[in-house]
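# Chains, contacts and geometry: an overview
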Amino acid sequence: MNKKFIIIFLFFIFLFLIPFFYQFSFSKYVFDDSFIAMKIQIDKKPRIDVLSVSNTNSGYEKYANDTHVITLRVKITENNIAINHFNRDMIQVFINNTAIHSSMKIHLISNNNSELIYDLILSNLIGNGNLSVMFPEGIIEDSFGLKNDFQKFDTGISIDNISPSATPKELSIENEKSQYIIHSDENLRPINGWDFYNSNSSLSKVFSSPVSYPIVITDYAGNTSEVFINIKKAKNIMIYYANYNGYYVSQFDSNGKISGKQTIIDNTNYKSEMLIMYLDGNIDKNTLQGRVFDYTYWGKNTTALCDYSEIIYQYGYTPSASTWYDMRSDHVIRFLGKLSLQFGGQGHNSANNSCLNGNNPIPKEIAIQNLYGLSGIALQLKNCEEYSIVYQVYVPNVGWLKASSDGEETTYSHNKPFSAIRINIVPKSEKQYLINYWNRVMYTDYVE
């Protein structure tokens, strides 16, 4: 190969490589130029969201009546608010499909560049049905003229201002007990000591004794109705008592009946001189215990003899301020054919009656005033966890005193004997209901 050929070959190779050679840059800096042709901002409509719903009806937040307060926490999302009509004049409240005029308050909770948060507070909600809140279109408008959409928000809360209607029924069951059932037209809240019967709209309880008192039932929304409990058929546990106050006693009263009520009817000053009682049924007779304060004409440290039973009674606490009589004591007598426990004694206000030492016979002018007798009493059921004993006494010119129970002494004063008494045994869960019912007649001359 001659030199001329080699030179020509290399020349063509050089020409071939020139395009590739100029693709490489040997400069120190490389510049990348760019520019923004157009900046576009896409705006959205103002948005209204309910973040949460709260209800002061604790435990039953899905129900409310006109006593409860409903709070909606509402968020408005928008960067450029131009018009804000989030107020009471624009927002509407509905129960079912009917607009109502409830009390409405609006509190601003927070405010930043992109959102507002309000508390919408509703109260005095009158009516019955599902609660909803309407936010009309256009109550929020931004600077570009965009408006919020119409929204009707369902709170999920049922407004109920109707009290429950109930039908009570007593059923006799085994062992001479009664099952008392309260049927309602709507679901009820539980009541301590009562069970639901088949559904949450019926309540049930088993009773061992006759008793009468009102109980309050409450629906989920908090509406209440008073239902009168009237147990007549139960005979499993009975308490019998007779109160001698100057009138002839021919029978025992029992389970809440007034013993000595003729004194109240006749408006006399007769006083209870002797109280006799006993338990019957499925209960230990010695469970019943009692003590009295006996106010006598002869005064302290004296004793006298009961005209009826010849049991000794004494001035002051019998047996003492800290001890009790029961059916094992020496104060047990047979009265109207029944072994019974006696407190006090007949003869407190008998003219010429003397204490055991034979002194201080009662003058006739004192005896006819009937100033003496039992002035305080306390009863209890020993070692009885299931039942309570409730008792109330009547004092002439004062009326019925506050009902007492389970060992509490009831007295107006120890020199003011009572004339009548009523006693009952109830399940402990029902004790306060009975006390409250009896206390309705405090300081009155009520007789049933």
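Presented here is an overview of the structure given in this document. (Residues numbered from 1 in each chain as written. Predicted model: local features only at pLDDT ≥ 70, side-chain atom pairs only at ≥ 80, totals over all residues. Heavy atoms only, no water.)

## Description of the environment of I265
To keep it simple, the criterion reads: By definition, any uninterrupted DSSP run of H or I lasting at least four residues is a helix, any uninterrupted run of E lasting at least two residues is a strand, and each is numbered from the N terminus. Throughout this description, buried means an accessible area under 20% of the type-specific maximum (1.4 Å probe, protein chains only), exposed means over 50%, and partly exposed covers the range between.
Relative to the helices and strands, I265 resides in helix α2 (residues 261-266). On the basis of relative accessibility, which here comes to 48%, the residue I265 falls in the partly exposed class. With 140 residues separating them along the chain, I265 and S405 place their C-alpha atoms 26 Å apart.

## Re the nonpolar core
Cut-off, in case you're wondering: For the purposes of this section, nonpolar cores are sets of buried Ala, Val, Leu, Ile, Met, Phe, Trp, Tyr and Cys residues that join through side-chain atoms within 4.5 Å. Residue contacts follow a heavy-atom distance rule, with two residues in contact if any of their heavy atoms lie within 4.5 Å.
Residues I239, M277, I377, L381, I389, I423 and I425 are the most contacted members of the largest nonpolar core, which totals 30 residues. Elements with a contribution of two residues or more to this core: β18 (237-244), β20 (274-281), β21 (288-295), β26 (338-344), β27 (373-381), β28 (387-395) and β32 (420-427). With residues up to four places along the chain from it excluded, the contact list for I423 reads I239, Y241, N255, G256, M277, L379, I389, V390, Y391 and W438. If you look at the next biggest cluster of nonpolar residues, it comprises 25 residues, including L72, L120, L125 and I140.

## Brief notes about the pairing of strand β11 (residues 151-159)
Test applied: At least two bridges found by DSSP between two strands are what make those strands a pair.
Across two bridges, strand β2 (residues 63-64) lies against β11 in parallel orientation. Paired with A64 across the two strands is I159, which belongs to β11.

## Description of helix α4 (residues 431-438)
Threshold: Think of it as the arc spanned by the lines of direction from the helix axis to the C-beta atoms.
Taken as a whole, α4 has its buried residues at L434, I435 and W438. All buried residues of α4 fall inside an arc of 100° around its axis, so they share one side. Those residues of α4 that are buried are in contact with β16 (211-218), β28, β30 (404-405) and β32.

## Side note on the side chain of N349
Selection criterion: Throughout this description, a polar contact denotes any pair of N or O atoms lying within 3.5 Å of each other; where both atoms belong to protein, one of them has to be capable of donating a hydrogen while the other can accept it, and for residues adjacent in sequence the pair is counted only when both atoms sit in side chains.
With respect to the element layout, N349 can be found in the loop between β26 and α3 (364-367). Judged by relative accessible area, which is 10%, N349 ranks as buried. There is a polar contact of 3.1 Å between the side chain of N349 and the side chain of E273. A polar contact of 3.3 Å, which involves the side chain of N349, links it to the backbone nitrogen of L371. N349 has contacts with K271, E273, I362, A367, N370, L371 and Y372, leaving out every residue within four places of it along the chain.

## Thoughts on the pattern of salt bridges
This is how it is decided: A carboxyl oxygen of Asp or Glu within 4 Å of a side-chain nitrogen of Lys or Arg is what we treat as a salt bridge.
A complete count under the given rule lists seven salt bridges for this structure. For D326, the salt bridge is made with R328, and the minimal N-O distance between the two is 2.8 Å. Relative accessible area serves as the criterion here: at 8%, D326 is assigned to the buried category. R328 gets classed as exposed once you look at its relative accessible area, which sits at 57%. Its salt-bridge partner being D406, residue K431 comes within 3.2 Å of it at the nearest N-O pair. With a gap of 25 residues between them, K431 in helix α4 and D406 in the loop between β30 and β31 (410-411) connect regions that are remote in the sequence. A relative accessible area of 28% places D406 in the partly exposed class. What you see here is one network of salt bridges that share partners, running through D406, K428 and K431.

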